[in-house]
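# Structural features, examined
As a plain string of letters, each chain reads:
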Amino acid sequence: MELAKISVIIPVYNSEKFLTKCLESVLKQTYQNIEIICVDDGSSDKSLSIVMELQKKDSRIICFQKKNEGVSYARNFALKNITGDYVLFVDSDDWIEPKTCEVALQTLKQKQVDVVMWSYIRESKKGSKKKHIFDSDVLFDSEQVYDLLYRRMVGVSGHDLSKPENADALCTVWGKLYRRDLIEEHHIHFYDIRKTGTYEDGLFNLEYFSYVKSAFFMNEYLYHYRRDNQESVTAVYNKNLWKQYQYLYSILKTHIVEKQLDSTFTVALNNRIALNLVQLGINIMAKDAGATKKIRIIQNILTDSTYHAAVKQLCTKEMPMHWKVFFMLAKRKSAIGVYSMLAIIQVIRGR
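These numbers were taken from a predicted model, which means no experiment stands behind them.

Here we take up the overall build of the protein chain. Of regular secondary structure, the protein chain possesses 14 helices and 10 strands. Against the globule reference of 20 Å for 351 residues, the protein chain gives a C-alpha radius of gyration of 21 Å, in line with a compact fold. Looking at the protein chain as a whole, 52% of its 351 residues qualify as buried. In the protein chain, 81% of the contacts between residues at least 6 apart in sequence involve partners at least 24 apart. Of the roughly 16,800 Å² of accessible surface on the protein chain, 50% is carried by carbon and sulfur atoms. On the protein chain, the mean spot of the 49 positive side-chain charges and the mean spot of the 41 negative ones are 8 Å from each other.

This part takes up the pairing of strand β1 (residues 6-12). The element β1 is largely enclosed, with a buried count of 7 among its 7 residues. Here β1 shows no split at all, with I6, V8, I10 and V12 on one side and S7, I9 and P11 on the other all buried. Pairing of β1 with strand β2 (residues 34-41), which is carried by 7 bridges, proceeds in the parallel orientation. Within β2, the residue paired with I6 across the bridge is I34. As for the winding sense of the linkage, the β-α-β connection from β1 through helix α1 (residues 19-27) to β2 is right-handed. As paired elements, β1 and strand β4 (residues 86-89) share 4 bridges and run parallel to each other.

Bringing helix α5 (residues 142-150) into the picture now. Where α5 is concerned, the buried positions are V145, L149 and Y150. Looking down the long axis of α5, one finds its buried residues gathered within 75 degrees of arc, a one-sided arrangement. Looking at the buried positions of α5, the neighbouring elements they touch are β6 (115-124), β8 (138-140), α8 (200-209), β10 (215-226), α9 (241-258) and α10 (263-285).

Once that is clear, we can look at the packing of aromatic side chains. Summed over the entire model, instances satisfying the criterion amount to 22 aromatic pairs. Ring centres of F190 and F204 lie 4.3 Å apart, and the angle between their planes is 15 degrees; on these two criteria the pair is classed as stacked. Of this pair, F190 sits in the loop between α6 (180-185) and α7 (193-196) while F204 sits in helix α8, and the two are 14 residues apart along the sequence. Just as F190 is buried, F204 falls in that class too. With a centroid separation of 6.2 Å and 75 degrees between ring planes, the pair formed by Y208 and F209 is classed as edge-to-face. Through successive ring pairs, a cluster of aromatic residues spans F89, Y178, F190, F204, Y208 and F209. It is K21 that lies over the ring of W95; its NZ or CZ is 4.4 Å from the centre. A cation sits over an aromatic face here: R272 above Y199, 4.0 Å from the ring centre.

Parameters at a glance
- Residues numbered from 1 in each chain as written.
- Predicted model: local features only at pLDDT ≥ 70, side-chain atom pairs only at ≥ 80, totals over all residues.
- Heavy atoms only, no water.
- Helix = DSSP H or I, 4+ residues; strand = E, 2+ residues; numbered from the N terminus.
- Rg over C-alpha atoms; globule rule 2.2 N^0.38 Å.
- Buried < 20%, exposed > 50% of the residue type's maximum accessible area, 1.4 Å probe, protein only.
- Contact = heavy atoms within 4.5 Å.
- Areas by Shrake-Rupley, 256 points an atom, 1.4 Å probe, with all protein chains shown as cover.
- Lys, Arg positive; Asp, Glu negative; His and termini not counted.
- Charge placed at Lys NZ, Arg CZ, Asp CG, Glu CD.
- Pairing = 2+ DSSP bridges.
- Right-handed = clockwise from strand over helix to strand, strands pointing away.
- Arc of directions from axis to C-beta.
- Phe/Tyr/Trp six-rings, centres within 6.5 Å; stacked < 30°, edge-to-face > 60°.
- Lys NZ or Arg CZ within 6 Å of the ring centre and 35° of its normal.

If you want it as structure tokens, here you go:
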């Protein structure tokens, strides 16, 4: 019997410092029947050369070159050129454990599920920190997929609000093994991150999980996420982030309507909008401007009807105290208070 093949998709862009470690971690997988699809997205450093040198040593590496259009286009391009039965995503500055492919595929087949998920370790200059998601292995049937996973791709609600910092811990495309046939059958693709600002992974998963009948979470730490090298929306000021988020919300709203999802999805979306106030605020704090101007921008967001309505309905009962204080100030439209909280967050993040 022919062994199933796993297509490992790695979008590459100016990651010469970390790329070799990433690729070697994939090449050293205990499960050998893999193809490694590297899409160089117009790198201006030595990333392409690194891929091509390793390709000479191992034919499982397949390299494509394209002009710079962003990670979403790179992944979509890769999806059109894979030959594997299953799909695994890895970012070019991260790495995976040697047994990742073997354990993930074995679990998917044994449990007969549509997707397998696992946890990760955050790597930074400060050291390694495991990301806790669930306490143990979890098998999700169709009803649990709907209640605990699918809706979570829209936003968190209920008890999940007790740890708002974990809102998107399950929304990444890395840390999962997907069925290629399910992706192709339903034409699942990545939205352009340049239009959404962020969350292209979550939107991909939102579509995928709408067709998932069963899923399995392995309580193992198989992925290493290099936090220090992430060019997140909060690292550099993005003047378009507010507008991009509006486009993101429109996609989520359209999905809810078209799929005729129940009201719990609308609540989850409103919670996402409310929680995004923190990201918008941190982004504003990165702006090269004085406190008065930043406070004025924050005030505009707090009085915006979309954000005010979302914050007003947000249930903060189970949230940690500092989150409760932040949203109490937001509900009162206290721009100065919110600014002060964001300034404290900046100091903590900079340590």
